[in-house]
Amino acid sequence: MTDIVDPALEAYAAAHTTAPPEHLESLAVEVLTTLDSPHMMVGRLEGRFLEMITFALSATSVLEIGTFGGYSALSMAPGLAPGGRIISCEISAVHAEFARRHIAASPYAEQIDVIEGPALATIRSLPGPFDLVFIDADKVSYLDYFEAVLPKLSPRGLIVADNTLWSGRILDPSDRSEDTEALRVFNDTLATDPRVVVVQATVRDGVTLVRRAP
Ligand SMILES: C[S@@+](CC[C@H](N)C(=O)[O-])C[C@H]1O[C@@H](n2cnc3c(N)ncnc32)[C@H](O)[C@@H]1O
């Protein structure tokens, strides 16, 4: 595993990012102390990054794929345009319950819905359009999620995919794991897909931003 960004610079950047509100601080503490794999949570820096994207898009319709404890959904919520909503897909009953409890206790209870079940089935049941889609669930399905949401993306919408540099494993030729291979195929496919314009940003674990090609 490799740090994408120098850890000291990453810590400096986080320290110079507006601190999270109290409801996110307490959620993060509970994730760290009670849930498995707490590193899956986007955290302060990427949370604010997602909020900024949501705000810049004036998003009214956001789809999140992979709720976990609700940190990223609750990060995006303050960036929504008035009347905006977030639908978040989560397969784990434990994670869905955790996130719903924290969302209910937050100022954004009316703006976020967590739908429990396999995300692909949920996406197929939703008409869209989505101004922003945040892909952050099982890595082997990233390309399927991309194909499922692209036709439902608003004309000026964005797809944001997390963990696309995969702690540097993406460049390790000895890593042939299913997740790593799937992310390589995802990255390679999008980079040459004429339907979209892509930038792979070195934010945290790699964040790929995608829009429709003109
Ligand atoms: C990396 S975590 C999401 C982190 C979250 N965005 C955050 O920042 O707190 C991935 C989540 O996707 C969920 N997940 C995995 N496979 C899924 C699927 N097929 N459908 C829906 N959710 C899935 C996992 O249970 C896990 O909670």
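S.K.: Let's hear about the site of the ligand: which residues, and what values?
M.R.: Not every one of the 22 residues close to the ligand is listed here, only the nearest: Ser 72, Glu 90, His 95, Ala 119 and Asp 136. One of the backbone nitrogen or oxygen atoms of Phe 68 is found 3.4 Å away from an oxygen atom of the ligand. Contact between the ligand and Ala 119: a nitrogen atom at 2.9 Å from a main-chain N or O atom of the residue. Protein chains shield 90% of the accessible area of the ligand, which is 600 Å² for the free molecule. For the shell around the ligand, the secondary-structure elements that each account for two or more residues are helix 4 (71–76) and strand 2 (85–90). Of the residues belonging to the shell around the ligand, the class tally is 12 nonpolar, 6 polar and 4 charged.

S.K.: Let's hear about the environment of Leu 183: which residues, and what values?
M.R.: Examined against the element boundaries, Leu 183 turns out to sit in helix 8 (residues 178–191). Taking the C-alpha atoms as reference, Leu 183 lies 7.9 Å from Trp 166; in sequence the two are 17 residues apart. Setting aside residues no more than four positions away along its own chain, Leu 183 makes contact with Lys 139, Tyr 142, Asn 163, Thr 164, Trp 166 and Ile 170.

S.K.: Please set out a negative patch on the surface residue by residue, giving values where relevant.
M.R.: Together, Asp 138, Asp 144, Glu 178 and Asp 179 line one region of the surface with negative charge. With respect to the helices and strands, the residue Asp 138 is situated in the loop between strand 4 (130–135) and helix 7 (142–149). What makes Asp 138 partly exposed here is its relative accessible area of 35%.

S.K.: Give me the sheet that holds strand 7 (residues 207–212): which residues, what numbers.
M.R.: Taken together, 7 strands build an open sheet; the order of strands is 3-2-1-4-5-7-6 and the sheet is mixed. What marks the edges here is a single partner per strand, and that holds for strand 3 (112–116) and strand 6 (196–201). Between one strand axis and the next, the sheet turns through 15° on average, direction left out of account. As defined by bridge partners, strand 2 adjoins strand 3 across 5 bridges and the pair is classed as parallel. Bridged to Glu 90 within strand 3 is Glu 116. Most of the contacts of helix 5 (residues 93–104) go to strand 3, to which it runs at about 165°, and overall it touches strand 2 and strand 3.

S.K.: Lay out unusual backbone geometry in plain terms, naming residues and giving numbers.
M.R.: Each neighbour pair has its own omega, and for Gly 128 with Pro 129 the value is -5°, a cis peptide bond. Checked against the element boundaries, Pro 129 lands in the loop between helix 6 (119–125) and strand 4. Of note in the backbone geometry, Ser 37 takes a positive phi value of approximately 50° without being a glycine. Counting through the fold element by element, Ser 37 comes out in the loop between helix 2 (22–34) and helix 3 (43–56). Backbone geometry places Trp 166, a non-glycine residue, at a positive phi of 50°. As for its position among the elements, Trp 166 is in the loop between strand 5 (153–162) and helix 8. Given a relative accessible area of 13%, Trp 166 falls into the buried group.

Each value, and the rule that gives it
Along each chain, residues carry numbers from 1 onward, in the same order as the chain's sequence is written. Local features in this predicted model are restricted to residues whose pLDDT is 70 or higher, and side-chain atom pairs enter the listing and the counts only when it is 80 or higher, whereas totals over whole chains, interfaces and linings include all residues. Just so you know, side-chain values use all the structure's heavy atoms and leave hydrogens and water out. The near set for a molecule or strand comprises every residue that places at least one heavy atom within 4 Å of it. We define a polar contact as two N or O atoms separated by no more than 3.5 Å, with the added condition that, inside protein, one atom must be a possible hydrogen donor and the other a possible acceptor, whereas residues neighbouring each other in sequence contribute only through side-chain atom pairs. Reported accessibility uses the Shrake-Rupley method at a 1.4 Å probe radius. Residues are deemed covered only where the shown protein chains occlude them. In this text, helices come from DSSP runs of H or I with a minimum length of four residues, and strands from runs of E with a minimum of two, each type numbered from the N-terminal end. Side-chain classes follow a simple rule in which Ala, Val, Leu, Ile, Met, Phe, Trp, Tyr, Cys and Pro form the nonpolar group, Asp, Glu, Lys and Arg form the charged group, and the remainder, Gly included, forms the polar group. When checking whether two residues touch, look at their non-hydrogen atoms; a contact exists if any pair is within 4.5 Å. Exposure above 30% relative accessible area and the absence of a salt bridge qualify a residue for a patch, where like charges join within 9 Å and nonpolar side chains (Val, Leu, Ile, Met, Phe, Trp, Tyr) within 5 Å. Whenever a carboxyl oxygen of Asp or Glu lies within 4 Å of a side-chain nitrogen of Lys or Arg, that contact is scored as a salt bridge. The charge count treats Lys and Arg as positive and Asp and Glu as negative. His and the chain ends do not count. One atom stands in for each charge, and that atom is NZ of Lys, CZ of Arg, CG of Asp or CD of Glu. Each residue's exposure class comes from its accessible area (1.4 Å probe, protein chains only) as a fraction of the maximum for that residue type: buried when under 20%, exposed when over 50%, partly exposed otherwise. Two strands make a pair as long as DSSP finds a minimum of two bridges between them. For helices, the fitted line uses only the C-alpha atoms of the stretch in contact; every axis is such a line through C-alpha atoms, and the angle between N-to-C directions lies from 0 to 180 degrees.

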